[in-house]
Amino acid sequence: MHISESKFVSKSPLIQRIRDPKLPVWLTDGECSKLFDAMSGETRLAAMLAYETGLRLMELLRLRAGNLDLRRCTLAVGGRIVPLPRKLIPALRAQIKSA
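Quick summary incoming for the structure in this document. (Residues numbered from 1 in each chain as written. Predicted model: local features only at pLDDT ≥ 70, side-chain atom pairs only at ≥ 80, totals over all residues. Heavy atoms only, no water.)

**Concerning the overall build of the chain**
- Secondary structure assignment for the chain yields six helices and three strands.
- Ordered by position in the sequence, the α and β elements of the chain form the string α-α-α-α-α-β-β-β-α.
- Within the chain, the fraction of its 99 residues that count as buried is 25%.
- By sequence separation, contacts in the chain at least 24 residues apart represent 31% of the contacts at least 6 residues apart.
- Total accessible area on the chain stands at roughly 8,000 Å², and carbon and sulfur atoms take up 59% of it. (Helix = DSSP H or I, 4+ residues; strand = E, 2+ residues; numbered from the N terminus. Buried < 20%, exposed > 50% of the residue type's maximum accessible area, 1.4 Å probe, protein only. Contact = heavy atoms within 4.5 Å. Areas by Shrake-Rupley, 256 points an atom, 1.4 Å probe, with all protein chains shown as cover.)

Encoded structure:
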């Protein structure tokens, strides 16, 4: 008999969690689109930038125009270079112009 099959171990909450892991839940592309459509202005741009680039919250909050290279579609943050989606370039240009 394997140790995980014993009555003592099978009642352990740790073993139960290993046997029945809860999978993370993601939003579908459609749900993300609805979420972004419900936003506007800077909030929408920030949310889309975080979603599209994988920026962490503090990286997003510390972001400055100097971190952006709109010609190369890149973003320098946290010692790394992150590609920028082309669809965000017009909104980023407009935000920089209005700031």
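**Some details on the nonpolar core**
- One finds Leu49, Leu55, Leu75, Leu84 and Leu92 to be the most contacted residues of the largest nonpolar core, which totals 18 residues.
- Sorting the residues of this core by element identifies helix H3 (29–37), helix H4 (41–53), strand E2 (74–77) and helix H6 (89–98) as the ones contributing at least two each.
- Looking at which element gives the most residues to this core, the answer is H4, with three residues.
- Ignoring any residue separated from it by four or fewer positions in sequence, one finds Leu55 in contact with Leu49, Ala50, Leu60, Leu63, Leu75, Val77 and Arg80. (Core = buried A, V, L, I, M, F, W, Y, C linked by side-chain atoms within 4.5 Å.)

The values are spatial; any link to function lies outside them.
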